Every structure is written in structure tokens, then in C-alpha cells.
Amino acid sequence: MSSNPPDLRPDLAPKARLSDVAQDRSDQPTIGMVSLGCPKALVDSERILTRLRAEGYAISPDYTGADAVIVNTCGFLDSAKAESLSAIGEALNENGRVIVTGCLGAEPDYITGAHPSVLAVTGPHQYEQVLDAVHAAVPPAPDPFVDLLPASGVKLTPRHYSYLKISEGCNHKCKFCIIPDMRGKLASRPAHAVIREAEKLVENGVRELLVISQDTSAYGIDIRHAEAKGHRAHITDLARDLGTLGAWVRLHYVYPYPHVRELIPLMAEGLILPYLDIPFQHAHPATLKRMARPAAAAKTLDEIAAWRAACPDIALRSTFIVGYPGETEAEFKTLLDWLDEAQLDRVGCFQYENVAGARSNDLPDHVPDEVKQDRWDRFMQKAQAISEAKLAAKVGTRQDVIIDDIDEDGIATCRTKADAPEIDGCLFIDEGTDALSVGDIVTVEVDEAGEYDLWGRLPG
């Protein structure tokens, strides 16, 4: 038995290829896509592909079958930029006709400096400009068949779960982040539009809705929590409305504003999953101040205690940065002590990197790489021990799980309510799965635990 740690860079999701949505139609112009970055970028890719399918374009699962390739890039960290440039280079080598979009597209000179032969560069969520670039490179068929478009649009996730983006942009000014520069200020979608999209997804077989944005707690602030068509643009109201649709509802990127406590009763009632993904980033007040983040770690511990009192089953996920400029050994130890107290269920951590354009680059006392690595190792050792103890306590309990995959040996890969896809652990069922299907939600009895994963069996 072995357990692998979950993705420790949760804001950098793995590359997504589109083999699951490929349409082999030789009479249609054909586009391929490589989608990099976070789930928010994945939703952008889905929207672009949905528009292209509506115009009659086919989707290719490989480079050679495509008339052109779109690369949706990430530009959050220097390492992500390097990965994006590498993906662009690969697409150019394999296909030769490449259109670049996404967060790194906000720096067109950076891209064309490395790859001058790209056909076009557009920024994040510039859907019309991407379509214009595709039209110029690969003209659409004169009579597209609208009925080729799936009712729920083109999805890059498995059929049983889907990301639901509720807003763009962010109003925070964290010194290490350039997302507001790339994606702009907070721009919330009308609540009725979000609900309508969610209804269509559920109607088409989606069993789990993963609510995403840059700052989910701030949803609706920019439009003054406007109400239209019976739905109010406030995260509490939206969560309550989504909870009536009959699917699991999971909240990501939730900042710990005071009104977040209003979500906890909805979790206790079973309307939404008892799961909060909250980017705490650090625990020492001085470090948080240098980050330009709210410096209220002690109060956060009080909030966590209150959340658990109201909903004992709540699972808390967070991400942290170690080796931030000026971080002392004492500050880092405060973070470890805080983690000991907080006992978070799911934790991701990455070492600080300079990002072009970020204000943190100019801070004094940058931490040496070897110290960053040492602190990362110590942090993850602590987080792993907490995870292992928490999972061990679940042995003998019954858990509802959603089935993500069943392999040729009949082993089912599942997730509990405490596990988000890609970034958290899994629960495996290795016998008696003949009657199960991907997307089923079933109850299992946990009989074994590792550092990050669980094993279970069907009761009876």
C-alpha cells in the first residue's frame, strides 16, 4: 500500500488535453487545445471550445489532426511561465500553427520574444479576440451545424463533475500576486445566470458542482449583491440556491471574511458539502503584513473552532507560502505551531518565487533557496502527520463517496466529501465494484488509511 501526496501546487493544475471531447469529422475545420493553469483557466478553455463547436469547428485530440492549436497559458509564477513557454514550443514543433491566450497572454512581448512565430496572442478571458484569431487562421465552415454542440457545452472535466465560475478578477492587493493585473478587478456574474448554468449542468448528468473564482467570499460585492429573477448575488444566497439542485456543491477559494460563518449552517444542514478551501498563506502577523494580507491568525483559530462546533464534519483545506521575503526562523516556527493548533484536513504548500511585476520582488531579505527547501520539507512533514492521524480516525466510519474512475481491474477511485478532484486525496474500493459506474455516489465503510488516501469496502 502506498499513498502519494496530493498536488502541492493547487493553483497550478496539470495540463489538460482534449481527447475526451474530440470530434473526428474530416469535413470540418479542426482545432486542438492545450489548457494549463488553474480551474478558472480550465473554464475559460471550455467556453472557448463551446463557442468554436457552435461555429462548426471540430476538436482534435492531437497535434497532427488539428488545423491550428490554442494554448491557454498560466502566468502566476515564473515556473508556470516557463511551463507555458515550453507548451507553446511543443505545439509549434508538433503543429506549427499556434494561437496563445490566457494569463501569460497579458505579456505578449514575453511570448513573442521566445516564440516569434505564434499566430496571435490574447489575454485572459478575451473570448472574442481568441475567436477572431481562430477565424483568421482557420476560417469556419460556411454552414456550421449547431446541433453538434452538447447541451451543456464542451467540458474538459469528467461528465459527473464541473467547475462553476461565479466571478472574474480580484480586489485584493497581495504583494506576491499579479492576478488583479492580469484578470482585473472583481466582476461578478448575475446570480440567476450562475443558477441557470448550474441547472443545465445538473440536467446533463453533473453530480458535483465546484464553485470557483479568485475570491468566492467577495461574490456580488461589485454589483451590490443585486437581486434579479429571484436570485441574489451574495455567496450565502447563491450557496443556498445551488444546494437545492440535488448535486454536491463544493466551495473553493473562500477568504475568511466574517460572513463566511453564515455558510456553515448550510453545511450542517447538508445543503452544501462540509468543505472550505481557504487560502490562509501564513500565520505570523509580520509575514502576513509583508504579504499585504489580513493579519489575524489568532482570530482565525477562533473562527475555525466556531466552524467545527457548528459543523463537526467540516473539512478545511488551505495553501501556504514558505520562504517569503523576510521570513525568519521564528516566524516560520509560528506557522508550524499554528498548523498544530489548526489541524487542517488538507494542506498545500509552495516555496516563494519572484513573479515579474509582483511588489514582493522588491522586499528586502529574500530567503536562500536551501532554507526555503528545508522549511518546505519541515512544513510538509508536519502536514503529513496531521493528515495521517485524521485519516486514521476515519477507519471504521461510513463515508459517502463519488466515483471518479473504475480501472480494468475493477478498482474504483473515489472521493469523499472532504476531497476535491486533482488536489486532495482519494478513497479506493478494490473489490465488489461490478455494479458501480463512474459518477455514482455510494456509501462505503473505511477499513484502511494512509498518509493522504483511504481504502474502503461496500457495506453488506
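Residues numbered from 1 in each chain as written. Predicted model: local features only at pLDDT ≥ 70, side-chain atom pairs only at ≥ 80, totals over all residues. Heavy atoms only, no water.

**Notes on the overall build of the protein chain**
Selection rule: Helical segments are the DSSP runs of H or I of at least four residues, strand segments are the runs of E of at least two, and each set is numbered from the N terminus. Relative accessible area decides the class of each residue, using a 1.4 Å probe on protein chains only: under 20% of the type maximum gives buried, over 50% gives exposed, and in between gives partly exposed. By definition, residues are in contact when any of their heavy atoms lie within 4.5 Å. Throughout, the Shrake-Rupley method with a 1.4 Å probe supplies accessible areas, and for residues the shown protein chains are the sole cover considered.
Summing up its helical and strand segments, the protein chain has twelve helices and 20 strands in all. For the protein chain, the proportion of its 460 residues judged to be buried stands at 54%. For the protein chain, the proportion of contacts with a sequence separation of at least 24, taken over those separated by at least 6, is 74%. When the accessible surface of the protein chain is totalled, it reaches about 19000 Å², and 49% of it is carbon and sulfur.

**A look at the sheet that holds strand 1 (residues 30-35)**
Heads up, the rule is: By definition, two strands form a pair when at least two bridges between them are found by DSSP. Lines fitted to the C-alpha atoms define the axes, with helices restricted to the stretch that makes contact. Angles between their N-to-C directions range from 0 to 180 degrees.
Reading across the sheet, the five strands line up as 2-1-3-4-5 and stay open at both edges, with parallel pairing between neighbours. Looking at strand neighbours, the two that pair on one side only are strand 2 (58-59) and strand 5 (120-121), the edges of this open sheet. Sheet analysis places strand 1 next to strand 2, joined by two bridges and oriented parallel. Paired with T30 across the bridge in strand 2 is A58. Along the sheet, helix 2 (residues 78-94) makes contact with strand 3 (68-73) and strand 4 (98-102), crossing strand 3 at roughly 175 degrees. Here helix 4 (residues 127-137) sits on the sheet in contact with strand 1, strand 3, strand 4 and strand 5, set at roughly 180 degrees to strand 4.

**Describing the confidence of the model for the protein chain**
The cut-off we apply is this: Confidence scores labelled pLDDT are given residue by residue by the predictor and lie between 0 and 100.
Mean pLDDT for the protein chain: 87, with 90% of residues reaching 70 or above. When the elements of the protein chain are averaged for pLDDT, helix 5 (residues 179-183) gives the smallest value, 77, and helix 7 (residues 235-242) the largest, 97. Counting interchain partners and residues more than four positions distant, the pLDDT-below-50 stretch residues 1-25 has 77 contacts. When the criterion is pLDDT under 50, residues 144-149 qualifies, and its contacts beyond four places in sequence or with other chains add up to ten contacts.

**Considering the nonpolar core**
To keep things clear, this is the line we draw: Definition of nonpolar core: a set of buried residues of the types Ala, Val, Leu, Ile, Met, Phe, Trp, Tyr and Cys, connected through side-chain atoms within 4.5 Å.
Ranked by size, the top nonpolar core spans 52 residues in total, and within it L238, L242, L276, W307, W338, L344 and F379 carry the most contacts. At six residues, helix 11 (residues 329-342) tops the list of elements feeding residues into this core. Apart from residues lying up to four places away in sequence, L242 is in contact with L164, I195, A198, L209, V211 and V249. Judged by nonpolar contacts, the second largest core, of 20 residues, contains A80, F176, F350 and V355.

**Remarks on the sheet that holds strand 18 (residues 427-429)**
In space, the five strands of this closed barrel follow the order 16-17-18-20-19, with mixed pairing throughout. Sheet twist, expressed as the mean angle between neighbouring strand axes with direction ignored, is 50 degrees.

**Here's the deal with unusual backbone geometry**
The phi dihedral of Y253 falls on the positive side, at around 55 degrees, and the residue is not glycine. With respect to the helices and strands, Y253 occurs in the loop between strand 12 (248-251) and helix 8 (264-268). For Y253, a relative accessible area of 11% translates into the label buried.

**Focus: the side chain of T300**
Here T300 lies in helix 10 (residues 297-310). Those residues in contact with T300 that lie beyond four places of it in its chain are F280 and W338.

**Points about the environment of I403**
Looking at where I403 falls in the secondary structure, it is placed in strand 16 (residues 398-406). Take I403: its relative accessible area is 0%, and that puts it in the buried class. Each C-alpha atom, one on I403 and one on V438, is 5.1 Å from the other, the two residues being 35 residues apart in sequence.

**A look at the pattern of salt bridges**
Should the charged atoms of two oppositely charged side chains come close, the side chains can pair. Heads up, the rule is: A pairing counts as a salt bridge when a side-chain nitrogen of Lys or Arg comes within 4 Å of a carboxyl oxygen of Asp or Glu.
Tallying each qualifying case throughout the model produces 27 salt bridges. R290 is paired through a salt bridge with E331; the nearest N and O atoms lie 2.7 Å apart. Of the two residues, R290 sits in helix 9 (residues 285-291) while E331 sits in helix 11, which places them 41 residues apart along the sequence. For D369, the salt bridge is made with K372, and the minimal N-O distance between the two is 3.7 Å. Placement of the pair is D369 and K372 together in helix 12 (residues 369-392), with a separation of three residues, close to one helical turn. Salt bridges sharing common partners tie together E327, E329, D374, R375 and R378.

**Here's the deal with the packing of aromatic side chains**
Selection rule: Stacked, edge-to-face and tilted are the three classes for Phe, Tyr and Trp ring pairs, Trp counted by its six-membered ring, which pair at centre distances within 6.5 Å; planes under 30 degrees apart are stacked, over 60 edge-to-face, the rest tilted. Charge-over-ring contacts are defined here by two conditions on Lys NZ or Arg CZ: a distance within 6 Å of the ring centre and an angle within 35 degrees of the ring normal.
As enumerated under the stated definition, the model contains nine aromatic pairs in all. Seen in terms of ring centroids, F176 and Y324 are 6.3 Å apart; in terms of plane orientation they differ by 85 degrees. Their pairing is edge-to-face. Note that F176 is positioned in the loop between strand 7 (167-168) and helix 5 and Y324 in the loop between strand 14 (315-322) and helix 11, a separation of 148 residues in sequence. Considered together, F176 and Y324 belong to a single accessibility category, that of buried residues. Summarising the aromatic geometry, the rings of F280 and W338 are spaced 5.2 Å apart at their centres and angled 70 degrees between planes, so their arrangement reads as edge-to-face. With F280 in the loop between strand 13 (275-277) and helix 9 and W338 in helix 11, the pair connects residues that are 58 residues apart, well separated along the chain. When sorted by exposure, F280 lands in the same class as W338, which is buried. In textbook terms, an aromatic cluster arises when at least three aromatic residues are bridged by ring pairs, as seen for F280, F320, W338 and F379. The ring of Y110 carries K81 above its face, with NZ or CZ at 5.5 Å from the centroid. The ring of Y161 has R415 sitting right over it, with the charged end atom 5.3 Å from the ring centre.

**A short note on the environment of H366**
For the record, the criterion: The term polar contact refers here to a pair of N or O atoms within 3.5 Å; inside protein, the definition further demands a hydrogen-donor-capable atom paired with an acceptor-capable atom, and it admits residues adjacent in sequence only when both atoms are side-chain atoms.
Along the polypeptide, H366 turns up in the loop between strand 15 (346-351) and helix 12. Residue H366 is classed as partly exposed on the basis of its relative accessible area of 35%. Separated by 42 residues in the primary sequence, H366 and Y324 have C-alpha atoms spaced 7.1 Å apart. Every residue in contact with H366, bar those within four places of it in the chain, is listed here: P325, Y352, N354, S360 and N361. A polar atom in the side chain of H366 sits 3.2 Å from the backbone oxygen of N361. A distance of 3.1 Å separates a polar side-chain atom of H366 from the backbone oxygen of L363.

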